[in-house]
Structure formats: structure tokens, C-alpha cells
Amino acid sequence: MYQTLRTCLLSNARCWDADSTRSCQDLFERLDTNKDGKVDVAELRAGLKEMGIFRQGAAQKIVSSGDQNKDGSLDLNEFSKYMKEHEKKLLLTFKSLDRNNDGRIDASEIQQSLAELGMDISKENSVAKIWLLRNLKALYGHSFADYNHSMDNDGTMTVDWNEWREHFLLCPAHNLEEIIRYWKHSSVLDIGDSLAIPDEFTEEEKNSGRWWKHLTAGAVAGAVSRTGTAPLDRMKVFMQVHSSKTNPISLGGGFKQMIVEGGLTSLWRGNGINVLKIAPETAIKFMAYEQYKKLLSSEGKTIETHKRFMAGSLAGATAQTAIYPMEVLKTRLTLRKTGQYSGMFDCAKKILRKEGVKAFYKGYVPNLVGIIPYAGIDLAVYETLKNTWLSYHPDSPNPGVLVLVACGTMSSTCGQLASYPLALVRTRMQAQASLDASDQSSMTSLMKKVVAKDGFFGLYRGILPNFMKVIPAVSISYVVYEYMKTGLGISK
């Protein structure tokens, strides 16, 4: 049914040929199911689903782009104009991908375009070929086995202009960067440690202003996620600072100790500032990332993968430098005893008066050094998991929510494993004012002291509650992010 309807509809979708008025009107009338002379989002969404080319948010984007009188729907004139303008964009994209101007896009040409987008993959790599097949199928929506004319003798895949136009005529994406966007490693999967590579946005999202809605949705998702897992986060910090071989703290014993000392609400100590620092850190990281990418990339060229990673790490370092005093306050407030501080400002005043300005940057070096292994391993594991999934599911049209969340969870966990010893040292240095004078050491001496006293695994004190919070944190942030996108009008 879908194949028949798709062929019937899209063969008539070329609204500016000799029979332009009739063909475009036929398509419009098929989509206008209630026959009111207009096609709204619901009708277009239903039509796209029926045609088998539905994409999340596509109907809303098409209507928004073509709706000149802002009545929330498209009349025949608006529909025709949108289709004509969209084909022009598709043709420009097709020509930019068709490097040898032979009227077809093959695997090597797409490989070259992906490399310029920072996705440098080897054509000889079997995973890369599967990746290309996966994305070409995403472009076209059919099995390429059905199109022998689109494959040469050695199995190279090609797409001609008619095939390209047929698929994308009613799909709002018109450039390769948008087409592969859903495979990006999104930073909305907040686990409380903002060390990942920042999210990226298309030029269209930047120009339309939708980028700030994505950042807002991510910030709210992070706030809810961190609040939901705050007790586990406090337990992690508590064990990092106070647990040792001579003073072992179990998960149950630690929670009992905190509740006895400060009541049930004490489990959320430090959460206020942990949530408060999301907004400035996200904004600074995003702006810094954009500037570093410009500095590291050549004029008019897309930044390569290693330079993107470098830009992300520098952006993370810049954001951490700016908001690091809030990190110190968060640790002190998390570890505080009942009545020690009346609030965030009281804590800041007491630290400044007793320890001076330098206290607000204790643990800064291990925190900065920890960004590299965390972000690097996080990104590498995510890409590896994606490619592994692709190698086993080459025919699947979409990775799905569970796959993306699972990839994000596993990659974040591996990143934490690599950077956790530095996180422990950072936390202990931030809390040094509450420790004995003999424990106030530099990064290297403190690390040596922990290993000498508790062994190598002493550097992983508190990692159990840290791991326990990953899955709920990722799940909560993803669900809230999706609801926020819908509420802000960036996902329909």
C-alpha cells in the first residue's frame, strides 16, 4: 500500500513541470483530507505517515516554512511555492555532493562530504560501508536491493537526482548535515558531570533562534535529572571525602548517617547550586565552542573530527574556569553539617573570610585535566557502539530511543571510569578546609597518599552511587528533554 501510494503521490509532486497546476493540485487534494482548501500539520503528518516518509517534526517544519499568512496551515498557493523553493535547495545540495558532475551520488562522494563534516571514515572499512548504506537508505527510504541500476558491479551505491528529489520533496531536511544530525552525540543526556563535548546546531537552527530552545530544554532536563538523583550524588561526594579503609562507609550506612544528622531533606544538600550552575555553564560552553571552532577551522571549510574534539575540550575548560567557584561551593554545601551555613551566600562569605580567594579554585587542575579523558573516551565509545549497532542492523531505518540512550549511558560510564580518580582528588581538594591540615595536599601528593593508604581502588571511593545514578539520570533527562522540546515548539 505504502509503495503504491508513494509512487502515485510523488510522481505527481513536481509542481512546476508542464502540467504543474494539475499535478500539484492532485497532491494537495490528497493531503487535504477534510476538503477545507487547506493542509494543516495534522493532515500533513498523516499524509507523510501514509506515504512512509514520516520524520519527527517534519510536518510542523514544512507548514512553518511555507505558511506565509501565519494561519497554521498551507493553502494551494503556499503549498506550491514551498515545494518549488524546497526543490531548489535540494538541487543545490545534490550538486554539491555530486563531485564529478555525472548526475549520480556514489559512496566515495558521500564519504568525502562526510569527511568534510568531521566524519572521516574509510571506504575500505566494512562498518563504513554499512554506515553509508544506512544513511543512503535514510535518504531514500527503500531497500537498495530493489534498485539494481543504482549499484555498480562491485556493489557501490549511487543515487540519481530523481531518486534524491523523490524522497526529499516532502522532507524538510535539505542538506547532509541535517540528514545525519540524529546520529550526533547529544549532550542532553545529563548525568551531573558536564564534561562532554557540547552539542552542535545547524545553521538553520542558529539563524532561526531554535538553538536557545534546545539549550533551555537541555538545562531544564538537567535540573530535573540532577534533583532526582541528588541523594546518590551527595552519597558519592560523602564517600569520596570521608570513606577509607580505616573508616569504611557503606551505601546504607552512609544514607542512615546523613538522615540521622540532618533529616530526610539533608539528602538534597548542595543540589540547589548544582542546578543553578547548569545555565551559565551551558551558555558559556556553547558560545566558547562556536568561537573555538571558528579559530581552529579554515575559512569556508567544515571542522575535522580531531579539531572538533579540541574545540569541545577547550570550551569545556573555559566554562569550568568561569563557573568553578560554584563547583567548590557545591562540594562544601553538600558536605556541610546542620547549621554550618545558612545558604550559598553565607558559605561563600565564610570561605572568602577564612581561606581567601584562592580557596574557590582548589582542585581546579585535576578538574581541568579530567575533561580530556572523560570527553575523549565518552566520544570514542559512543562512536564505537553506534558502528557496532549499525554492523548488526544495516537494514534498520532508525536507531531508536533505547539504542541512543544505551549508547549514551555506556559511553558516559566509560568516561567516568577513566576520569574518576581525578574527580575524587578534585573533590578532596575542594573539601580540604573541612579536613585535617595534614590532608591538605597538592594533586599528585594527594593521589599518592590515597594509593598508599587505601590502595589503587581507593581512588574509586564512591563510584558505586555514581554508577547507580547514571541510568536514572540519563532516562530522566531524556524524557524531560523530549517533553520540553514539545512544550517549546521544537518537536511536534
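What counts and what doesn't
- Residues numbered from 1 in each chain as written.
- Predicted model: local features only at pLDDT ≥ 70, side-chain atom pairs only at ≥ 80, totals over all residues.
- Heavy atoms only, no water.
- Helix = DSSP H or I, 4+ residues; strand = E, 2+ residues; numbered from the N terminus.
- Buried < 20%, exposed > 50% of the residue type's maximum accessible area, 1.4 Å probe, protein only.
- Areas by Shrake-Rupley, 256 points an atom, 1.4 Å probe, with all protein chains shown as cover.
- Phe/Tyr/Trp six-rings, centres within 6.5 Å; stacked < 30°, edge-to-face > 60°.
- Salt bridge = Lys/Arg side-chain N within 4 Å of Asp/Glu carboxyl O.
- pLDDT = per-residue confidence, 0-100.
- Contact = heavy atoms within 4.5 Å.
- Polar contact = N/O pair within 3.5 Å; in protein donor to acceptor, adjacent residues only side chain to side chain.

**Student:** Help me understand the overall build of the chain, please; the structure alone is not making it clear to me.
**Tutor:** In terms of helices and strands, the chain carries 21 helices and 4 strands. Looking at the chain residue by residue over its 492 residues, the buried ones come to 49%. Total accessible area computed for the chain in this model is approximately 22700 Å², and 59% of it derives from carbon and sulfur atoms.

**Student:** Sorry, what's going on with the packing of aromatic side chains here?
**Tutor:** Each aromatic ring pair is described using two quantities: the centre-to-centre distance and the angle formed by the ring planes. Counted under the stated rule, the structure contains 7 aromatic pairs. Between the aromatic rings of Tyr361 and Tyr364, the centroid separation amounts to 5.6 Å while the plane-to-plane angle is 75°, which identifies the pairing as edge-to-face. Look at Tyr420 and Tyr460: their rings are 5.8 Å apart centre to centre, the planes differ by 10°, and that puts the pair in the stacked class. Of the two residues, Tyr420 sits in helix H19 (residues 401-430) while Tyr460 sits in the loop between helix H20 (443-454) and helix H21 (463-487), which places them 40 residues apart along the sequence.

**Student:** Sorry if this is basic, but what is going on with unusual backbone geometry here?
**Tutor:** Here the phi dihedral of Lys35 falls at roughly 55°; this positive angle occurs in a residue that is not glycine. Looking at where Lys35 falls in the secondary structure, it is placed in the loop between helix H2 (20-31) and strand E1 (39-40). Phi at Lys70 is positive, roughly 55°, even though this residue is not glycine. Relative accessible area serves as the criterion here: at 66%, Lys70 is assigned to the exposed category.

**Student:** Would you mind going over the pattern of salt bridges with me for this structure?
**Tutor:** Pairing between side chains becomes possible if they bear opposite charge and their charged atoms approach one another. Going through the model one piece at a time under the given rule, you end up with 11 salt bridges. Residues Asp71 and Lys38 are paired through a salt bridge, measuring 2.9 Å at the closest nitrogen-oxygen approach. Of this pair, Asp71 sits in the loop between helix H4 (58-66) and strand E2 (73-74) while Lys38 sits in the loop between H2 and E1, placing them 33 residues apart in sequence. For Asp71, a relative accessible area of 34% corresponds to the partly exposed category. Overall, the relative accessible area of 34% leaves Lys38 in the partly exposed class. Between Asp346 and Lys350 there is a salt bridge, and its shortest N-O distance comes to 3.4 Å. In this pair, Asp346 and Lys350 both sit in helix H17 (residues 344-355), 4 residues apart, roughly one turn of the helix. Through salt bridges that share partners, Asp233, Lys236, Lys330 and Lys469 make up one connected network.

**Student:** Looking at this model, I keep getting lost on the confidence of the model for the chain. Mind explaining?
**Tutor:** Do not read the fine detail of predicted coordinates wherever pLDDT is low. The pLDDT averaged across the chain works out to 76; a share of 71% of its residues lies at or above 70. Long-range and interchain partners of residues 1-14, a stretch whose pLDDT sits below 50, account for 33 contacts in this model, where long-range means more than four residues apart. Taken together, the stretch residues 123-156 has pLDDT below 50 and engages in 80 contacts with residues farther than four places along the chain or on a different chain.

**Student:** Help me understand the side chain of Thr413 in this model?
**Tutor:** Here Thr413 lies in helix H19. A distance of 2.8 Å separates a polar side-chain atom of Thr413 from the backbone oxygen of Thr409. In contact with Thr413, not counting residues within four places along its chain, are Phe467 and Val470.

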